[in-house]
Amino acid sequence: IENGITVLLPYGELEKSAPGYSPEFSSYYLNMPVDVVIDRIDEENHQIYLKSGREEIDAETRRKIVVSELVKELSKGDRPTVMGRIISIRDKVAYVNILNLNILGVVRITNWQKAYVRRLEDIAHPGEWFEFQVVGSKKKKGRPTSFNLNRANLTKDPWEDVREEYLTEGTVLSVQCVERPSEKSYWWGLCESIPDIYIMGDYNNHGVVTVMEGVNYHCKVIKADRGKHILKVVPFSVVNNQFATQGLIDYLKGKKKKEGDESNG
């Protein structure tokens, strides 16, 4: 509203006092009073349109007002909620432009969500908007005030929403490999059907597919525990028609060879 956005309210709420009605609303994120005036009345559709009653203020003034209000809220022990756009991600920290007013916010990987996060880059990207809770402020001499943010307090554990069938042994999932730790017997993946949850992939129980980062694989669930946040899979073919057939052939060859070795043994 303070930026001149038109707000639509049901006609019945204001018709008795229109057109001289000039209420004060509290903004969603800062509890700042906002003066509004009647812009126009659509009697045919029984709707009243409101618009900002404030004089236009420049971006720097708005930035200072918001910073002041955030600091004031924090000093009272409150934890205001703001929208923020991701600027960049590095060293397990996301840097945020609060309300697009060039107010710096910082959120660490451990404060992103209740479930485990391996890399912020896998689930958040520059330019995307998220809701954050402001939990602290920092003021260094000669620099603008910045704020510490937390997102975990606003989100529930994503494991709570995982469908039971995805946690059933033998279920086939399409999983993209996002990381192959060196000299480890496992890799990490993500599945579009199970957002924000890291899936552990196994190498040793199949001997079939050469797992590569950025590639999607058909995988079978071999172990799952919602309470312990465990979901482990084994790949058996690439999610690509060009390679899937060869992956299945390799899988069958490996299985036949293993059975032959056991017979010889």
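Above: the structure in question.
First, a word on scope: everything that follows refers to the structure included in this document. (Residues numbered from 1 in each chain as written. Predicted model: local features only at pLDDT ≥ 70, side-chain atom pairs only at ≥ 80, totals over all residues. Heavy atoms only, no water.)

So, on to helix H2 (residues 59-75). The α-helix winds at 3.6 residues per turn, so residues separated by three or four positions along the chain end up facing the same way. With 17 residues, H2 should reach 24 Å at 1.5 Å per residue; the first-to-last C-alpha distance of 24 Å fits that figure. Taken together, the buried positions of H2 are Arg 62, Arg 63, Val 66, Val 67, Glu 69, Leu 70, Glu 73 and Leu 74. Along the long axis of H2, the arc covered by the buried residues comes to 165 degrees, so they all point the same way. Of the exposed residues in H2, those oriented more than 90 degrees away from the buried face are Lys 64 and Ser 75. Contacts from the buried residues of H2 go to strand S5 (81-90), strand S7 (103-108), strand S8 (129-138) and strand S9 (146-150). At the C-terminal side of H2, Gly 77 shows a positive phi close to 90 degrees. (Helix = DSSP H or I, 4+ residues; strand = E, 2+ residues; numbered from the N terminus. Expected span 1.5 Å × (residues − 1). Buried < 20%, exposed > 50% of the residue type's maximum accessible area, 1.4 Å probe, protein only. Arc of directions from axis to C-beta. Contact = heavy atoms within 4.5 Å.)

Its location among the elements puts Asn 150 in strand S9. For Asn 150, a relative accessible area of 10% puts it in the buried group. Among the polar contacts made by the side chain of Asn 150, one reaches the main-chain amide nitrogen of Asn 153 at a distance of 3.1 Å. Every residue in contact with Asn 150, bar those within four places of it in the chain, is listed here: Asn 111, Phe 132, Gln 133 and Val 135. (Polar contact = N/O pair within 3.5 Å; in protein donor to acceptor, adjacent residues only side chain to side chain.)

Let us look at the pairing of strand S11 (residues 186-191). Burial analysis of S11 places five of its six residues in the buried class, the great majority of the element. In this structure, strand S10 (residues 172-179) lies alongside S11, joined through three bridges in antiparallel fashion. Within S11, the position partnered with Gln 176 by the bridge is Leu 190. Counted between consecutive antiparallel strands, the loop separating S10 from S11 contains six residues, among which Glu 183 sits at a positive phi close to 60 degrees. Pairing between S11 and strand S12 (residues 194-202): five bridges, direction antiparallel. (Pairing = 2+ DSSP bridges.)

Turning to the environment of Ile 123, a few remarks are in order. Its location among the elements puts Ile 123 in helix H3 (residues 120-123). Ile 123 gets classed as buried once you look at its relative accessible area, which sits at 13%. The residues touching Ile 123, leaving out its near neighbours within four places in the chain, are Trp 112, Gln 113, Val 117, Glu 128, Phe 130, Leu 190 and Asp 196.

On to the sheet that holds S11. Strands belonging to one sheet form pairs held by backbone hydrogen bonds; the direction of such a pair is parallel or antiparallel. Strands sit in the order S10-S11-S12-S14-S13 around a closed barrel of five strands; the barrel is mixed. Direction aside, neighbouring strands of the sheet carry axes that sit 55 degrees apart on average. (Axes fitted to C-alpha atoms, helices over the stretch in contact; angles between N-to-C directions.)

Per the counting criterion, the structure on display carries eight salt bridges. Notably, a salt bridge pairs Glu 179 with Arg 118, separated by 3.0 Å at the nearest N-O pair. Of this pair, Glu 179 sits in strand S10 while Arg 118 sits in the loop between S7 and H3, and the two are 61 residues apart along the sequence. The closest approach of N and O atoms between Glu 164 and Arg 226, which form a salt bridge, is 2.8 Å. Residue Glu 164 is found in the loop between S9 and S10, and its partner Arg 226 is found in the loop between strand S13 (216-225) and strand S14 (230-238); the two are separated by 62 residues along the sequence. Since its relative accessible area comes to 52%, Glu 164 is described here as exposed. Overall, Arg 226 belongs to the partly exposed group, its relative accessible area being 27%. (Salt bridge = Lys/Arg side-chain N within 4 Å of Asp/Glu carboxyl O.)

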